[in-house]
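Take a look at the letters that make up each chain.
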Amino acid sequence: MSYTIVGTPRSRAFRVIWMLEELGQPYSIDPVAPASPEAKAVHPSGKIPALSVDGNVLMDSMAICNFLADRHGGCTHPPGSPERSEQDALTYTTIDEIESPLWTHAKHSFALPEALRVEAAKTHLEGEFRRGLESLEQRLGDGPYLMGARFTVPDILLGHCGMWAKGLLQWEIPSDRLKSYFRDLRDRPAYGRAQEAAAKAMP
């Protein structure tokens, strides 16, 4: 079994690369840009990432990560369990409170056509991001991960958002506890392998 990740690794496609490294599954990367003819040949929306598997094309980075986690029984709690409900809630909270201000800032910085960008829309987004992180920090508890001792899907999402915030926007992580959390994620061997694979795949 092998998977093909469609999308440049400098995007949400990195989450899928990281997930597959955590699961120890073989994959290849087709580093196409969003909205490119190559991306639209895979899916009419032209959005990335997509995952080609068993003749099907799956969309949305977190839907793909959940699919892979369930399929291979790793980085997740069992579907239908209370723990899985909490895990999914952490994923949705991270999308709403962490990824949303990051993506809104990105849209008004470079993703939207210049005529549609509104500089004033970016004013309060870092504060929203920090408040979202502070809320999630309370759920870390003794950790080391969001679900305690087990590394799960929302850790990949939050880890990628932290990398995006620090590397692209130079936003500061608000506490030593969270800085330690993000260091622990970067120290995972699968994260290192994903970074190497992403670098090799870039044109």
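Cut-offs and rules
Residues numbered from 1 in each chain as written. Predicted model: local features only at pLDDT ≥ 70, side-chain atom pairs only at ≥ 80, totals over all residues. Heavy atoms only, no water. 1 Å grid on protein atoms, 1.4 Å probe; cavity = no way out; pocket = protein on both sides within 12 Å on 5 of 7 lines; lining within 4 Å. Points joined across faces, edges and corners; volume = space filled by probe spheres on them. Helix = DSSP H or I, 4+ residues; strand = E, 2+ residues; numbered from the N terminus. Phe/Tyr/Trp six-rings, centres within 6.5 Å; stacked < 30°, edge-to-face > 60°. Buried < 20%, exposed > 50% of the residue type's maximum accessible area, 1.4 Å probe, protein only. Contact = heavy atoms within 4.5 Å.

On to the layout of surface pockets. Looking at the largest pocket, its volume works out to about 990 Å³. What lines the largest pocket is a set of 32 residues, among which Arg10, Ser11, Arg12, Trp103 and Trp164 lie closest to the centre. Secondary-structure elements contributing two or more residues to the lining of the largest pocket are α1 (13-23), α3 (61-72), α4 (82-111), α6 (153-169) and α8 (189-201). Per-element tally for the lining of the largest pocket: the top contributor is α4, with six residues. Put simply, the second largest pocket is a space of about 210 Å³. As for the second largest pocket, its lining consists of 14 residues, and the residues nearest its centre are Gly162, Lys166, Ile173, Phe182 and Arg186.

The next thing to look at is the packing of aromatic side chains. This structure, assessed with the given rule, holds eight aromatic pairs. Ring centres 5.7 Å apart and planes at 75° place the aromatic pair Phe14 and Tyr191 in the edge-to-face group. Taken together, the residues span a long stretch of sequence, with Phe14 in helix α1 and Tyr191 in helix α8 at a distance of 177 residues. Taken as a pair, Phe14 and Tyr191 share a single burial class, namely buried. Between Tyr145 and Phe151 the ring centres are 5.5 Å apart and the planes differ by 85°, which places this aromatic pair in the edge-to-face class. Taken individually, Tyr145 and Phe151 each receive the classification buried, so the pair is uniform in this respect. Every member of this aromatic cluster is reached through a ring pair, and the members are Phe14, Trp18, Tyr145, Phe151 and Tyr191.

Let us now look at the environment of Tyr191. The class for Tyr191 is buried, based on a relative accessible area of 7%. If sequence neighbours within four positions are ignored, Tyr191 has contacts with Phe14, Trp18, Met163, Leu185 and Arg186.

All right, on to unusual backbone geometry then. Here the bond from Ile48 into Pro49 is cis, since omega is 0°, no more than 30 degrees from zero. The backbone of Gln170 shows a phi angle near 60°, a positive value even though the residue is not glycine. Judged by its relative accessible area of 54%, Gln170 is exposed.

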